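Structure assessment
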Amino acid sequence: MNFIEKVNDYIWSNYLIILCISSGIYYSVKYNFLQITLIKDMLKLLFQKSNSTQGISSFQAFTLAISGRIGTGNIAGVATAIAMGGPGALFWMWIIAFLGSASAIIEASLAQLYKEKSSVYFIGGPAFYIKKGLNSKIGAITFSVVTIISTGFLLPSVQSNSISLANTEAFQFPKELVGIILVVLVASIVIGGVKRIGRLTELIVPFMALGYIMMALIIIMLNINKLPDIFGLIVSSGTSMHSFYGGIVGSAIAWGIKRGIYSNESGQGTAPHAAAAAAVTHPIKQGLVQGFSVYIDTLFVCTATGLMILFTNQFNVMDTEGGFLINNLKDVQMGPAYTQYAIAKHFPSIGKEFVAISLT
């Protein structure tokens with residue numbers, strides 16, 4: 001346990017924050033802020049069709065990436081960021097989304113540039129461009145091993161834990177039953193290969209994201225008069241201009257960036273695997289599509305979660321001493337419970353159930 005905590009403290013330390021911000025700034029400046037100047041092209045390329053039998057369409061690759069980006073990080077992750085860093089954490093999630101979009105464009109374009117044709121599909125990802133582009137076989141092997149361990153054993157446990165907690169709270173399902181159902185469903189999808197995954201995410205992800213955003217928009221409209229004050233609170237508490245949150249602005253920055261990275265996955269090296277599978281005529285086309293997915297993840301879905309929580313005051317904020325600056329919910333752990341309570345305050349009969357279904 002001590003070893004795991006030490007590794008976690010090192011990985012999620014200020015080094016990660018500096019690295020992600022620096023790389024995002026570098027790519028933004030070097031390529032003339034392409035995440036803004038080419039946003040029209042992002043939308044245009046998103047719906048281009050592909051008749052290739054060896055790859056998936058840009059939209060399928062987009063939804064495949066979104067399926068990994070949207071989920072626990074947008075619901076439980078945002079709630080945790082606000083709980084630890086205050087409303088200002090959401091401001092720093094916006095910053096890392098803007099910079100991270102540039103990183104996502106570059107890593108997805110590289111995945112396309114160095115992809116290979118297998119017997120059936122296109123395959124690629126960071127391991128391919130590390131080996132070919134940087135001529136580092138050791139680096140490629142190291143990345144592959146780390147990715148297999150993290151995506152095969154560590155990240156699924158975080159996702160499944162949040163899904164289990166939400167479903168147990170909403171439907172009183174036994175955790176063991178939720179685990180078994182998840183294993184069966186995921187196995188039936190993954191065994192079908194990238195084509196089946198792409199087709200399924202193309203159908204499910206838009207409805208999942210739109211359904212969640214629609215719920216958020218309804219709650220926003222019901223609280224529209226509070227919107228200017230909430231945005232002012234987010235910005236002021238994230239930049240130490242709000243006296244109440246001034247002492248924890250460092251936590252706001254740290255938790256906003258960390259949870260932003262966890263949520264949108266830009267720079268992590270996971271999304272490029274989906275990007276490499278797309279059949280496009282030029283690498284940058286898929287890069288722009290993936291860059292737009294970061295905006296969808298953080299600027300839309302994460303913001304929606306944050307606003308729902310802040311509108312309804314369904315959150316706690318910890319101080320730097322381990323106590324509470326704000327304690328609106330008693331005996332509630334950080335995670336999906338905050339969002340469940342936020343929705344339930346407006347829709348008591350479906351709050352918990354809606355979050356459980358959205359997470360699943």
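Residues take numbers from 1 onward in each chain, read along the sequence in its written order. Restriction of local features to residues with pLDDT of at least 70 applies here, the model being predicted, together with a cutoff of 80 or more for giving and counting side-chain atom pairs; totals for whole chains, interfaces and linings are based on all residues. In computing side-chain values, all of the structure's heavy atoms are included and hydrogens and water are not.

**Overview of the nonpolar core**
Stated formally: For the purposes of this section, nonpolar cores are sets of buried Ala, Val, Leu, Ile, Met, Phe, Trp, Tyr and Cys residues that join through side-chain atoms within 4.5 Å. Burial here depends on accessible area, computed with a 1.4 Å probe over protein chains only, as a share of the maximum for the residue type. Under 20% is buried, over 50% is exposed, and the range in between is partly exposed. Where helices and strands are cited, they refer to DSSP runs of H or I of at least four residues and of E of at least two residues respectively, numbered from the N terminus. The contact definition used throughout considers only heavy atoms, calling two residues in contact when any of these lie within 4.5 Å.
If you look at the biggest cluster of nonpolar residues, it comprises 49 residues, and the most contacted ones within it are Ile 234, Tyr 245, Leu 307, Met 308, Phe 311, Phe 315 and Ile 343. The leading source of residues in this core is helix H15 (residues 283-312), at 8 residues. Each residue touching Phe 311, except ones within four places of it in the same chain, is listed here: Ile 219, Ile 220, Asn 223, Lys 226, Leu 227 and Ile 230. Core analysis: the next-biggest nonpolar cluster, separate from the first, contains 13 residues, Leu 45, Phe 62, Ile 105 and Leu 288 among them.

**As for the side chain of Ser 28**
With respect to the helices and strands, the residue Ser 28 is situated in helix H2 (residues 14-30). Among residues more than four places away in sequence, those in contact with Ser 28 are Phe 33, Gln 35, Leu 99 and Ala 102.

**Quick notes on the packing of aromatic side chains**
Cut-off, in case you're wondering: Pairing of aromatic side chains requires ring centres within 6.5 Å, counting the rings of Phe and Tyr and the six-membered ring of Trp. Pairs whose planes differ by under 30 degrees are stacked, by over 60 edge-to-face, and all others tilted. To sit over a ring, a charge needs its Lys NZ or Arg CZ within 6 Å of the ring centre and within 35 degrees of the ring normal.
One pass over the structure, following the stated rule, counts 6 aromatic pairs. Ring centres of Tyr 26 and Tyr 27 lie 5.5 Å apart, and the angle between their planes is 65°; on these two criteria the pair is classed as edge-to-face. Take Tyr 27: its relative accessible area is 24%, and that puts it in the partly exposed class. On the basis of an interplanar angle of 25° and a centroid distance of 5.3 Å, the ring pair of Phe 171 and Phe 173 is categorised as stacked. What makes Phe 173 partly exposed here is its relative accessible area of 36%. Taken together, Phe 91, Trp 92, Trp 94 and Phe 231 form an aromatic cluster joined through their ring pairs. The cationic tip of Lys 30 hangs over the ring face of Tyr 31; the distance from NZ or CZ to the ring centre is 5.7 Å.

**Quick notes on helix H8 (residues 126-133)**
Those residues of H8 lying buried are Pro 126, Ala 127, Tyr 129 and Ile 130. Tucked into the core, H8 has its buried residues touching helix H7 (88-113), helix H9 (137-171) and helix H14 (271-276). Positioned one or two residues after H8, Asn 135 has a phi angle of 55°, which is positive.

**Considerations on the confidence of the model for the protein**
Our working definition: A score from 0 to 100, pLDDT tells how confident the predictor is in each residue.
Across the protein, the average pLDDT comes to 81, with 88% of residues at 70 or higher. Per-element mean pLDDT across the protein ranges from 67 in helix H5 (residues 58-69) up to 94 in helix H3 (residues 34-37).

**Focus on H15**
For clarity, the threshold we go by: Here, expected helix span is obtained from the residue count minus one, scaled by 1.5 Å. We define the bend at each residue as the angle formed by axes fitted to the 7 residues ending at it and the 7 residues starting at it.
Taking 1.5 Å per residue as the helical rise, H15 with its 30 residues ought to reach 44 Å, and the 44 Å between its terminal C-alpha atoms agrees with that figure. Along H15, the largest kink reaches about 30° and is centred on Thr 303. With 25 of its 30 residues buried, H15 lies for the most part within the structure. Asn 313 sits one or two positions beyond H15 and adopts a positive phi of about 60°.

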